[in-house]
Amino acid sequence: MGIMSRRTFLKSAAVGTCGVATMSILPGCAAQEIGSFTDVPSRRILILIGASPEGNTVKLADSFAQGAASQGHEVTSIFLGSRDIRCCLGCDQCRYGKGCVQQDDMTEIYEAIKNTDLVVFASALRYWTLTGVIKNVLERLYATCSEDPNPPFGRYENTRIWTVLY
């Protein structure tokens, strides 16, 4: 199999075949590659879009959403560009059962994540990395972790590993 150009990939994804390869680890499941959603039960999917509204990332995320919806999945997209999502303060108040002390739009995203089976991060590449708003969301997900009594490798976080699409 040869290397597919970005333009060819976007054209093939725009057909709505949901041919986007993503990695997902769901609670109690082994890692699986999802090239087509026909072999998995219906899921609630949340797409967090951290890119300009007119770019290729939004087109790719929309195509992913259409393909997933056509297979019977419930898809919700949230555009992060217009949201007030601040950086993590590192205050560790969330570790003591208080939740995040910041009162911004991340509160809504926490609720959306609690009510979903799969989270997809759609990000453009800025300076060869994810956009700032996606990084802020990833940092703020620290508040969703809970203490793990059996920490692997000395870590105490216990949370899902999220799907990343960029």
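Structure first, text after, so check above.
Since this is a predicted model, take the numbers as computed values, not measurements. (Residues numbered from 1 in each chain as written. Predicted model: local features only at pLDDT ≥ 70, side-chain atom pairs only at ≥ 80, totals over all residues. Heavy atoms only, no water.)

**Topic: helix 4 (residues 132-140)**
Basically, it comes down to this: Each residue is assigned to one of three classes by its accessible area relative to the maximum for its type, calculated with a 1.4 Å probe on protein chains only: buried under 20%, partly exposed between the two thresholds, exposed over 50%. Helix and strand definitions here come from DSSP, where helices need a minimum of 4 consecutive H or I residues and strands a minimum of 2 consecutive E residues; each element is numbered from the N-terminal end. The arc in question is formed by the directions pointing from the helix axis toward the C-beta atoms. Residues are treated as being in contact if the distance between any of their heavy atoms lies within 4.5 Å.
What helix 4 keeps buried is the set V133, I134, N136, V137 and R140. Along the long axis of helix 4, the arc covered by the buried residues comes to 160 degrees, so they all point the same way. Residues of helix 4 that are buried in the fold lie against strand 3 (44-50), helix 3 (106-114) and strand 5 (118-123).

**Re the pairing of strand 3**
In plain terms, the rule: When DSSP finds two or more bridges between two strands, those strands count as paired. Classification remark: right-handed applies to a crossover when, strands pointing away from the viewer, the course from the first strand over the helix to the second runs clockwise.
Along strand 3, six of the seven residues are buried, which leaves the element largely enclosed by surrounding structure. As defined by bridge partners, strand 3 adjoins strand 4 (residues 74-79) across six bridges and the pair is classed as parallel. Note on strand 4: the bridge partner recorded for R44 is E74. Considered for its hand, the β-α-β crossover made up of strand 3, helix 2 (residues 56-70) and strand 4 is right-handed. In terms of strand pairing, strand 3 meets strand 5 through six bridges, oriented parallel. Paired with L46 across the two strands is V119, which belongs to strand 5.

**Description of the pattern of salt bridges**
Should the charged atoms of two oppositely charged side chains come close, the side chains can pair. Put simply, the rule is: Salt bridges are identified by distance alone: a Lys or Arg side-chain nitrogen within 4 Å of an Asp or Glu carboxyl oxygen.
Counted according to the given criterion, the structure contains five salt bridges. Here R83 makes a salt bridge to E108, at a shortest N to O gap of 2.8 Å. Taken as a pair, R83 in the loop between strand 4 and helix 3 and E108 in helix 3 lie far apart in primary sequence, 25 residues in all. For E111, the salt bridge goes to K114, with nearest N and O atoms at 3.4 Å. Within this pair, E111 and its partner K114 are both found in helix 3, separated by three residues, close to a single helical turn.

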